[in-house]
Amino acid sequence: MSISFLAFVWNPSEGFDIGPLTIRFYSLMFVVAFALGWYIMKYIFIRENESLEKLDSLFIYTVIATLIGARLGHVIFYQSELFREDPLSILLPIRTKPQFEFTGFSGLASHGAAIAIILFMIYFSKKIMKQSLIWVLDRVVIPVASGAIFVRLGNFFNSEIVGHETNSAFGVQFVQDFYSKNEAVLNTKIQNPKEAYKAIVENPDYSYLLDKVPALHPSQLYEAFGYIFVFLILFFMYWKTDARKKEGLLFGMFMVLLWSVRFIVEFVKASQGGFEKYPVFNALTTGQWLSIPFILIGLYYIFRPKKA
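Residues numbered from 1 in each chain as written. Predicted model: local features only at pLDDT ≥ 70, side-chain atom pairs only at ≥ 80, totals over all residues. Heavy atoms only, no water.

S.K.: Help me understand the packing of aromatic side chains, please; the structure alone is not making it clear to me.
M.R.: Here a ring pair, both rings aromatic, is described through the centre-centre distance and the interplanar angle of the planes. Evaluation of the coordinates by the stated rule reveals 23 aromatic pairs. Here F25 and F157 contribute two aromatic rings whose centre-to-centre distance is 4.8 Å and whose plane-to-plane angle is 25°, an arrangement assigned as stacked. Of this pair, F25 sits in helix 1 (residues 25-47) while F157 sits in helix 5 (residues 133-157), placing them 132 residues apart in sequence. Under the relative-accessibility criterion, F157 is labelled partly exposed at 25%. (Phe/Tyr/Trp six-rings, centres within 6.5 Å; stacked < 30°, edge-to-face > 60°. Helix = DSSP H or I, 4+ residues; strand = E, 2+ residues; numbered from the N terminus. Buried < 20%, exposed > 50% of the residue type's maximum accessible area, 1.4 Å probe, protein only.)

Structure follows, in structure tokens:
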């Protein structure tokens, strides 16, 4: 990575090598998110005098629900043509069209993850926790908010979910978003994509290629920054106030705050596709339309009449 005259140039490596294994930064951010979530929930369980054995079940099923829900959510809301054109790529880390390619697990939607986690909590709260669904959700949203920060940092490392063009000081030139691996190789005649990207950024002979890369809003960082405050607010409310005793308040605050951040950032985020392409929905982005129901649900739980 380096700094150009106009904008910050972002050209990260995919990860780092440990022997024969390559640890991708995107995957590492998911590991950090889940590990931190487990750590936070451990102390919540201790405070609530709940068995830590239940935490193991919560952790395993939350990981599964997050990954499957996020993937299905992306396909349903943003890329439904995959059901017809390439069904194997929906839940497998591959692409078979136009050619076979190992892609890793990419194309994840937070709305889908949220729905899957809530559906799982219905089962978990009744069969394992023996608590009400809202009691569980009031506590789970705290580590979920912290995890959202690292997921968006992972998107930044992947140069994905970028923003609109900008002339502001926040602009970032996402080289790997503008040029695919094949395009980088073809333009530089360097067969190794990693070295091709490096040449575009650092070699003066290819400065004309770098000049074509527009400066974009780093919408992933905007979102991650907003989620930091969501997490801190929920964390403070649980540990320093009596909010945990008011059923639904923490869950409602999470829904309103997190999805409001998402709604606002969507204004500077490049289109991710989805049903916003239809005239009846083009007033807002797909992400904004999907955020509205979550915000309304949150408002209901914040302001609904409380039981005596």
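There is more to say after this.
S.K.: Can you walk me through the nonpolar core in this structure?
M.R.: Taken as a class, soluble globular proteins show a tendency for nonpolar side chains to be buried jointly. Core analysis: the largest hydrophobic core is formed by 47 residues, its most contacted members being L58, M121, F124, I142 and L234. Every element with two or more residues in this core is listed here: helix 1, helix 2 (52-78), helix 4 (110-129), helix 5, helix 10 (219-240), helix 11 (249-265) and helix 12 (286-303). Contact partners of M121, with chain neighbours within four places excluded, come to L58, T62, L133, V136, L137 and V140. Y179, A184, A199 and L210 belong to the second largest nonpolar core, which has 13 residues in total. (Core = buried A, V, L, I, M, F, W, Y, C linked by side-chain atoms within 4.5 Å. Contact = heavy atoms within 4.5 Å.)

S.K.: Looking at this structure, how should I read the environment of I297?
M.R.: Tracing the backbone shows I297 in helix 12. Taking the C-alpha atoms as reference, I297 lies 21 Å from S146; in sequence the two are 151 residues apart. Leaving out residues up to four positions away in the same chain, I297 has contacts with F251 and M255.

S.K.: Even after reading the chapter, I still don't get helix 11, so can you show me in this structure?
M.R.: Note that an α-helix has 3.6 residues per turn; residues three or four places apart therefore point the same way. Its 17 residues give helix 11 an end-to-end C-alpha distance of 24 Å, which sits within 8% of 24 Å, the value for a rise of 1.5 Å per residue. Across the 17 residues of helix 11, twelve count as buried, placing the element largely inside the fold. Listed as buried for helix 11 are L249, L250, F251, G252, F254, M255, V256, L258, W259, V261, R262 and V265. Those residues of helix 11 that are buried are in contact with helix 2, helix 4, helix 5, helix 10 and helix 12. (Expected span 1.5 Å × (residues − 1).)

S.K.: I tried to follow the environment of R71 on my own but got confused; where do I start?
M.R.: Mapped onto the fold, R71 is located in helix 2. Residue class for R71 comes out buried when judged on its relative accessible area of 11%. C-alpha separation for the pair R71 and F59, spaced twelve residues apart in sequence, amounts to 18 Å.

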